[in-house]
Structure formats: structure tokens, C-alpha cells
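# Tertiary structure, described
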Amino acid sequence: MRRAAQPSGRKGTRNSKSRPTVARIAAIALLAPLFTVMDVPGGVGPVAYALQDSDCTPDVTIAGGTQVGDDPGYVDAYSVDSDSDGTKDECVLKFIKPSVEMTWSIPDHVGEINVLVVAGGGGGSVGGGGAGGFYDTFGDGTNPQPLDIPNGSTTTRVFVGEGGEPQDGASSGRGKIGADSALIIEVSPGSADLSRLRTRTDNDSRSFDSPAPTATDIRMAGGGGGVHQVNISGGDGGSGGGGFSDPGEVEFGLDSHGNDGGSGKFSDGFNAGGGGGAGSTGLNGTASRGGDGGNGVPSEITGDVVFYGGGGGGGNGGLGGDGGGGDAWDGESGEAEAGAENTGGGGGGASNIGKAKKGGSGIVVVRHAAPPPPVDPVPVLGDVTRTVGGFEVPVS
């Protein structure tokens with residue numbers, strides 16, 4: 001209940017001394033935004049700023065300077081809660097557009113980043129396609145911790161590899177290797193060179209090996225293609241493609257980022273090995289069916305648990321590995337399954353009368369700290385002017 005005004009003891013006239021008091025109150029009201037209220041011990045602290053998805057929109061360009069950071073077909077950007085306190089406080093950038101060179105301008109406040117780099121999966125043949133190479137700093141510690149941004153570095157080059165094309169099971173040969181994926185921090189002008197990446201998906205062998213990852217240069221090799229012929233091995237790559245007599249192998253120097261494919265049983269029918277996965281080797285074909293693709297590896301860098309890098313199943317009947325590996329032809333449908341997009345999964349194999357499928361495209365993910373919260377404009381005070389009974393201070 002509002003209290004009634006107390007009598008002043010004066011009747012019939014207004015108290016003239018109240019005018020300066022009114023002026024003081026008005027001045028205090030004008031100057032109040034400039035005062036800082038300190039936390040009282042034991043009181044409730046300031047509420048954390050709730051990050052919005054729009055706060056994470058990155059500055060990403062492609063050839064010609066075209067801005068694509070706000071285009072979800074190129075980069076899916078959003079905010080996540082890193083410590084389960086109900087407030088989103090980190091940004092996730094999922095680079096998902098394959099076969100396009102992208103340049104990310106690193107925000108000033110970002111001093112380190114977690115990254116996931118997965119290359120394109122290999123195409124199937126009769127053997128299953130191998131998974132793309134897998135690198136994750138947000139995992140269980142088997143890879144290095146977050147990447148530090150070197151002093152003076154302002155840009156990062158990103159490339160997402162496409163999946164390799166399949167080799168029709170009715171033709172001898174290998175499925176095609178997947179394209180490489182990369183994230184390279186530019187430490188000096190022109191140092192982030194993407195020219196040595198294998199960006200094509202129509203080759204079935206490699207002319208050079210990928211360099212081992214460094215603190216600023218992460219390049220993962222595309223998966224090797226599955227094979228049809230008995231006298232040649234499955235394709236080498238981030239993970240090897242499935243074969244008959246000899247499976248494909250992990251590319252030299254990248255052993256911790258993929259696995260070999262499986263071998264097959266040609267004498268018992270077209271039962272080829274499964275493609276290698278990021279987490280395990282592809283299984284061998286048996287007298288009754290093709291080998292399963294090797295399993296991929298889970299990551300939580302996006303805010304959800306997602307498996308990447310599953311090997312493609314070997315024809316006939318091999319199952320794709322967890323992480324986007326495509327199932328092989330099962331002897332009835334006539335077609336296999338493609339590797340899942342943006343997982344680096346290998347394509348499923350097929351028999352000599354079926355149709356194999358392509359590998360899945362890769363992905364590059366960056367996770368970094370939230371930008372500083374927005375700051376309200378500071379009031380600007382003009383000159384103080386004395387008035388009758390007080391003063392005026394313009395505030396803008």
C-alpha cells in the first residue's frame with residue numbers, strides 16, 4: 001500500500017525551497033547511467049550474456065571476395081553451451097560445401113580453436129570404399145589439444161573434400177579416391193597454400209603423400225577406392241579401400257588417422273573386403289558375404305555426438321561402418337549405398353552385376369570462444385548550464 005503524504009505544517013503556500021531539490025533529483029536521474037553499481041557481498045551476481053546464433057556468423061569468403069559466411073549451404077554457424085549451465089557460450093562453424101576454397105577471417109578475440117577435419121570417402125567397386133582421413137582436437141586426447149592462433153595470423157584457409165566416384169562392378173578397376181580436406185592457418189602472407197591438395201575425385205591412385213599434421217596445417221587424405229580386380233590392391237588413402245587379394249592401406253605417415261581395408265574371397269564368389277574406417281580396419285570377405293566396413297570415430301565438437309569416417313561395406317552384403325559408411329549390394333536390390341555426406345564415409349561395394357556407390361563428402365568444423373558481449377553506448381554529456389534553481393546537462 002502506498003503511504004499517504006505527511007503534512008508539512010504549512011498551510012496555503014508552496015514551499016519555495018523545494019525547487020533546488022527538484023533540480024538535484026533531475027540531475028541525478030540524468031547522470032545515473034554513468035554510475036557503476038558494485039556487487040554486494042552475498043548478493044546475486046551479473047547474469048551471463050546469452051550468446052545467440054547470429055553472434056557466431058563468420059566472415060568467410062570464396063574466390064572473388066564473395067561473402068558466404070551467412071550462407072548455410074557453405075557454413076552452418078550456431079552457438080552451443082559448453083558447460084551445461086543453460087547459457088550458450090561457444091561458436092561452432094561447420095564448413096560443409098565441398099570442392100570450394102574458403103577463407104575464414106579469424107575474429108580478434110579468438111586465441112585458440114578446436115578443429116575437426118575429415119576428408120572425402122573413397123568410391124566403392126566390388127570392395128568397399130575407404131573412409132576419409134580423420135583429425136579431431138575435441139576428442140579423447142589421442143590428437144593434439146586446441147590449435148593456438150599465432151600472433152599476427154588473421155586468416156585460415158579451408159577446403160572440404162568431395163567423395164570419390166565409384167567404379168561400376170561390371171568393369172574391372174578401382175573406385176576413385178576421395179578428395180583431401182584441409183584447415184591451414186596463414187602464419188605469413190601466402191603460407192596457407194592449398195595447391196598441394198588432391199581436390200579431384202576421378203583418380204584411382206595417388207602421386208604423392210599428404211604431409212603429417214602440424215600445429216597450423218591440418219591436411220587429411222581422401223579415402224582409397226574399393227577394387228574389383230584380383231591382381232591389384234584396394235586404393236590407399238586416409239583409410240584403405242576394400243580388396244580381393246590385397247586390401248588398400250592407410251597412406252604413409254597418417255597411421256593414426258585411418259585404417260586398412262579388408263581383403264576378399266574371390267574363389268568363393270565376389271565377396272570383397274570392406275573399406276577401412278577411421279576407428280577400425282575393414283573386415284575380410286567370407287565364403288558367404290562381403291566384409292563389413294570399419295567403424296568410424298565419434299566426436300562432440302558440433303555439440304552432438306556424431307560418428308565420422310565409416311568404411312564402405314564390401315560386396316556382396318557387407319555393411320557400412322558406423323560413421324556414414326555405405327552398405328554394399330545385398331544380392332537383391334541391385335545397388336549399394338553411397339557414403340553419407342559430410343561424414344567422409346566410404347561408398348558401398350557391389351558385385352560384378354550390381355552398381356557401386358560414391359564416397360561421402362568430408363567436413364571441416366571449427367569451435368571457438370564466444371565473442372565479447374555487446375556494450376551499450378556510453379552517454380555523452382554536454383556543457384553544464386546554470387538555470388534558475390538548478391542546472392541543465394544535455395545527454396546524448
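Residues numbered from 1 in each chain as written. Predicted model: local features only at pLDDT ≥ 70, side-chain atom pairs only at ≥ 80, totals over all residues. Heavy atoms only, no water.

The final tally for this structure, using the stated rule, is zero aromatic pairs. The ring of Y74 has K97 lying over it, and the distance from NZ or CZ to the ring centre is 5.4 Å. (Phe/Tyr/Trp six-rings, centres within 6.5 Å; stacked < 30°, edge-to-face > 60°. Lys NZ or Arg CZ within 6 Å of the ring centre and 35° of its normal.)

What the five strands build is an open sheet, ordered β1-β4-β8-β9-β10; its pairing is antiparallel. Each of the sheet's edge strands pairs with one partner strand only, and the pair in question is β1 (59-61) and β10 (217-220). Each neighbouring strand pair of the sheet contributes to a mean axis angle of 15 degrees, computed without reference to strand direction. Pairing geometry for strand β9 (residues 181-185) and β10, over four bridges, is antiparallel. (Pairing = 2+ DSSP bridges. Helix = DSSP H or I, 4+ residues; strand = E, 2+ residues; numbered from the N terminus. Axes fitted to C-alpha atoms, helices over the stretch in contact; angles between N-to-C directions.)

Take the environment of D89 next. With respect to the helices and strands, D89 occurs in the loop between β2 (75-80) and β3 (90-95). Expressed as a C-alpha distance, the spacing of D89 and A50, which sit 39 residues apart in the sequence, is 7.1 Å. Excluding its chain neighbours within four sequence positions, the residues that come into contact with D89 are L51, V80, D81, S82, D83, A369 and A370. Looking at D89, its side chain comes within polar contact range of the main-chain nitrogen of S82, at 2.9 Å. (Contact = heavy atoms within 4.5 Å. Polar contact = N/O pair within 3.5 Å; in protein donor to acceptor, adjacent residues only side chain to side chain.)

Note on soluble globular proteins: their nonpolar side chains tend to be buried together. Judged by nonpolar contacts, the single largest core of 27 residues is most densely connected at F95, M102, W104, I113, L183 and V366. Secondary-structure elements contributing two or more residues to this core are β3, β4 (102-105), β5 (112-118), β9, β10 and β13 (363-369). The biggest single contributor to this core is β5, with three residues. Here F95 is in contact with V60, Y74, V75, M102, W104, V158, V160, I363, V364 and V366, once residues within four sequence places are set aside. Judged by nonpolar contacts, the second largest core, of 11 residues, contains Y78, V118, I301 and V365. (Core = buried A, V, L, I, M, F, W, Y, C linked by side-chain atoms within 4.5 Å. Buried < 20%, exposed > 50% of the residue type's maximum accessible area, 1.4 Å probe, protein only.)

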